[in-house]
Amino acid sequence: MSYANVSLKQRAAGETMRRDAWWTQPLFVFLGLSAFILYSTWAAFQGAHYWLDQNGADYLSPFYSPEFFGSSPHAIFGAKPGWWPSWLFFSPALLVLWAPAGFRLTCYYYRGAYYKAFWADPPACAVGEPRKGYPGENSFPLIMQNIHRYFLYIALLFILVLAHDAWKAMWFSDRSGAKHFGIGVGTIVLTVNVLLLGSYTFGCHSLRHLIGGFLDEVSKVPLCAKSYACVSCLNRRHMLCAWMSLFWVGFSDLYVRLCSMGLWHDWKIL
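Quick caveat, the model's predicted, so the values are computed rather than measured.

## Here we look at the environment of leucine 258
Here is step 1: Note that leucine 258 resides in helix α8 (residues 238–260).
Here is step 2: Its relative accessible area of 16% is what places leucine 258 among the buried residues.
Here is step 3: Separated by 32 residues in the primary sequence, leucine 258 and lysine 226 place their C-alpha atoms 42 Å from one another.
Here is step 4: Apart from the residues lying within four places of it in its own chain, the contact partners of leucine 258 are Leu263 and Trp264.

## Here's the deal with the nonpolar core
Generally speaking, a soluble globular protein has its nonpolar side chains buried in company with each other.
Here is step 1: The biggest cluster of nonpolar side chains holds 21 residues, and the ones touching the most others in it are Leu33, Phe103, Tyr109, Tyr110 and Tyr200.
Here is step 2: Looking at this core, the elements with two or more residues in it are α1 (24–44), α3 (108–119), α4 (148–168) and α8.
Here is step 3: A per-element tally of this core places α3 first, with six residues.
Here is step 4: Among residues more than four places away in sequence, those in contact with tyrosine 200 are Phe103, Arg104, Cys107, Tyr110, His238, Cys241, Ala242 and Ser245.
Here is step 5: In this structure, Tyr50, Phe63, Ile159 and Leu197 belong to the second largest nonpolar core, which totals 15 residues.

About the criteria used
- Throughout this document, residue positions are counted from 1 along each chain, in the order its sequence is written.
- In keeping with the model being predicted, local features are shown solely for residues with a pLDDT of at least 70 and side-chain atom pairs are shown and tallied solely at 80 or more, while totals for entire chains, interfaces and linings include all residues.
- Water and hydrogen atoms play no part in the side-chain values, which are based on all heavy atoms of the structure.
- Each helix is a run of H or I in the DSSP string that is no shorter than four residues. Each strand is a run of E no shorter than two, and both are numbered from the N terminus.
- The classification of residues rests on relative accessible area computed with a 1.4 Å probe and restricted to protein chains. Under 20% of the type maximum is buried, over 50% is exposed, and intermediate values are partly exposed.
- Residues are treated as being in contact if the distance between any of their heavy atoms lies within 4.5 Å.
- Joining through side-chain atoms within 4.5 Å is the link that ties buried Ala, Val, Leu, Ile, Met, Phe, Trp, Tyr and Cys residues into a set, and such a set is a nonpolar core.

Structure representation (structure tokens):
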């Protein structure tokens, strides 16, 4: 029996036989994620205008929640702690943003998105990439992606915290200080933020496995089967939920910030 010696030539960077505009998706992903990273970093380092207590409203930016230390009425443990180094810049957001950032950074969808958009690994299907080998996720730093399931537990807690913030945004103070139910534009903004973040978080691949993926026959456990079906339904729209929640959480901070600065007015609907 004879054997043919076949060697496949690796494509050069960007080389492809595709005739479609394959570069548009990674380009839009690059621009979208870059814009969010720049804005969220800028907002986190402001340390001001992240809450609104005007006209009886009680809004807190999701970038700063939960606020452990800070200058707003939402601060759990009061103002900046005395043990914080005087030479180190302080912002309440820096104490909490690492958790949602880590959850998205290690997300299965986002990994595939920014691998293509930021370091062309590969830039698109059937398109040459600017490297000869693929090290995988078994070495540093990509091995850190494997902790996504642990960030999931923290993200679920954040959904509860943000839901509590949305609930507080439904109660307005009158001149006497008494609280009464009401709905402002900010109430809707913060509530939609929880719903979108929830749809993204509850559609997580790790949560899908946690609920029913470890079972050989999910149908034999009715509660797990129904929960698994719900998570799977959201999981099929994971990319859409990821982008909508990313945009809206940034908009939520922007809304509270501009209202706090007096540039926007929070209209009370009810």
